[in-house]
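What follows is the residue order along each chain.
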Amino acid sequence: MAGMTTLSASPASYSTKTILAAKHKSLGSSFNSSKFLNSFIGLKATSSLETESEVSFIAKASNRALRASCLPKLQPKQRSANQFLPQASTFKVAVLGAAGGIGQPLALLIKMSPLVSTLHLYDIANVKGVAADLRHCNTPSQVLDFTGPSEISNCLKGVDVVVIPAGLPRKPGMTRDDLFNINANIVRTLVEAVTDHCPDAFIHIISNPVNSTVPIAAEVLKQKGVYNPKKLFGVTTLDVVRANTFVAQKKNLRLIDVDVPVIGGHAGITILPLLSKTRPSVVFSDEEVQELTVRIQNAGTEVVEAKAGAGSATLSMAYAAARFVESSLRALDGDDDVYECSFVQSELTEIPFFSSRVKLGKNGVQAFVPSDLEGLSEFEAKALDALKPELKASIEKGVSFAQKQAATAATN
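What comes next is a walk through the structure. (Residues numbered from 1 in each chain as written. Predicted model: local features only at pLDDT ≥ 70, side-chain atom pairs only at ≥ 80, totals over all residues. Heavy atoms only, no water.)

**Points about the pattern of salt bridges**
Side chains that differ in charge, positive against negative, can pair when their charged atoms come close.
Working step 1: All chains considered together, the criterion is met by 15 salt bridges.
Working step 2: Linking R323 and E340 is a salt bridge whose minimum nitrogen-to-oxygen distance equals 3.0 Å. With R323 in helix α10 (residues 314-332) and E340 in strand β12 (residues 338-345), this pair connects stretches of sequence that are 17 residues apart.
Working step 3: When its relative accessible area of 5% is taken as the criterion, R323 is described as buried.
Working step 4: A relative accessible area of 1% means that E340 is categorised as buried.
Working step 5: A salt bridge links K388 to E350, with the shortest nitrogen-to-oxygen separation between them at 3.3 Å. Remark: E350 occurs in the loop between β12 and β13 (353-361) and K388 occurs in helix α11 (residues 378-411); sequence separation between them is 38 residues. (Salt bridge = Lys/Arg side-chain N within 4 Å of Asp/Glu carboxyl O. Helix = DSSP H or I, 4+ residues; strand = E, 2+ residues; numbered from the N terminus. Buried < 20%, exposed > 50% of the residue type's maximum accessible area, 1.4 Å probe, protein only.)

Given below as structure tokens:
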């Protein structure tokens, strides 16, 4: 891909300190009496707690920025020259589909970010109440609501990151492809609006089937002449979150230490956790590899069935999407050490879109990490070959849909 670089390194070079684990942790705090930091308890400022916020997906530096924004009179500590410190309340984020099962908790989590100055919430109905509720949260960002197509232009103007969870959720017995006809049109319409009002924004696609909706978005952007492959992302972070969680549980590891790259796509067998590249290094039996891989691939169905018709994986998806939003904002803010797995246009394989670990920068995808695909286990190599036909077919389905819609519109 023109203008794109790759990063070459042995798997061992990705340490907890330098890449993922120190940046991307599940929510929580660990307490360390040797480190005195002002902190938030339930978003209330306090200066009496000693804490090391090492396990927040918002990350240490961003938490420091949030504290600084609310406690301006405190004297900052001396910082090393190469230590990243983000600017608080800087970016505008829009959530399209903000009144839905994913959109509401996602909006709440984004509202907590110190890097967000304005949060725009859009939906076709019921979004005013969501916005009114969120405005009561005492975090710095301003919340604005927009209802229906007549207001979407104002929603998108000047936005830095657009997140699209809009669409029909999965129900028992449904596959992601069953959602295609409805969600494909929703994504196409929303991305058309993005092309008109904020074509330079990072675009995060959550609406399923991601293996098809991302190619649809790409085609719409191409048709409008504003496609930048570095700024279009399929959000597959939930697969990584699940892999990390299940591996930590299986092997009795500290969750904050675990990093499992997940490649391929975002549905069924196209989801391929690279257990052989788990950090910290851990040995799995053949049975454990099979069991964990199948569970990670079918985790969405696990939730759909447990909810028994009452919904899909909304909360964990919102958490994972918020993590990816925060990573994008940190990259936009100048952090040069941000890595996430995402479904993007890629040349790592012969498949035009592929999920893998990428380095994020101010202009989107800055580099790929091809070493993740080197030295795969026999199981992983076979699984990678097996997923390619299905992934390719899903991508082609999305491209074909977008091209047909464009041809129909041209004749009308």
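Let us keep going from here.
**Topic: the environment of L109**
Working step 1: Within the fold, L109 resides in helix α2 (residues 103-111).
Working step 2: The exposure class of L109 is buried, given its relative accessible area of 14%.

**With respect to the packing of aromatic side chains**
Working step 1: Counted according to the given criterion, the structure contains four aromatic pairs.
Working step 2: Between F180 and F401, the aromatic rings sit 5.5 Å apart at their centres with planes inclined by 85°, giving edge-to-face as the arrangement. Of this pair, F180 sits in helix α5 (residues 180-197) while F401 sits in helix α11, and the two are 221 residues apart along the sequence. Of the two residues, F180 and F401, neither departs from the other in class, the shared state being buried.
Working step 3: Grouped by ring-pair contacts, the aromatic residues F202, F233 and F324 constitute a single cluster.
Working step 4: The ring centre of F246 lies 3.7 Å from the NZ or CZ of R295, which sits over that ring.
Working step 5: Of note, K397 hangs over the ring of F180, and the distance from its end group to the ring centre comes to 4.5 Å. (Phe/Tyr/Trp six-rings, centres within 6.5 Å; stacked < 30°, edge-to-face > 60°. Lys NZ or Arg CZ within 6 Å of the ring centre and 35° of its normal.)

**Thoughts on the packing of helix α7 (residues 237-251) against helix α8 (residues 286-297)**
Working step 1: Running from amino to carboxyl end, α7 crosses α8 at an angle of 145°, the nearest separation of the two axes being 10 Å. In the packing of α7 onto α8, the handedness of the crossing is right-handed. Facing D239, A243, F246, V247, Q249, K250 and K251 of α7, the residues of α8 in contact are E288, E291, L292, R295 and I296.
Working step 2: Across the contact of α7 with α8, the residue classes break down as five nonpolar, one polar and six charged. (Axes fitted to C-alpha atoms, helices over the stretch in contact; angles between N-to-C directions. Left-handed = near helix turned anticlockwise from the far one by under 90°. Contact = heavy atoms within 4.5 Å. Nonpolar A, V, L, I, M, F, W, Y, C, P; charged D, E, K, R; others polar.)

**A short note on helix α9 (residues 299-307)**
Working step 1: When α9 is considered as a whole, its buried residues turn out to be A299, G300 and V304. Taken end-on, α9 shows its buried residues confined to a sector of 145°, consistent with a single buried face. Along α9, the residues that are exposed and aim more than 90 degrees away from the buried face are E305 and A306.
Working step 2: In this structure, the buried side of α9 is in contact with α7 and α8.
Working step 3: Among the residues trailing α9, A308 stands out with phi positive, at a value near 50°. (Arc of directions from axis to C-beta.)

**A word on unusual backbone geometry**
Working step 1: Here the residue pair N208 and P209 is connected by a cis peptide bond, since its omega of 0° sits within 30 degrees of zero.
Working step 2: Of the consecutive residues R279 and P280, the connecting peptide bond is found in the cis state with omega at 5°.
Working step 3: When you line up the elements, P280 lands in the loop between β11 (271-273) and α8.
Working step 4: Not every positive phi belongs to a glycine, and A308 is a case in point at roughly 50°.
Working step 5: For A308, a relative accessible area of 64% gives the class exposed.

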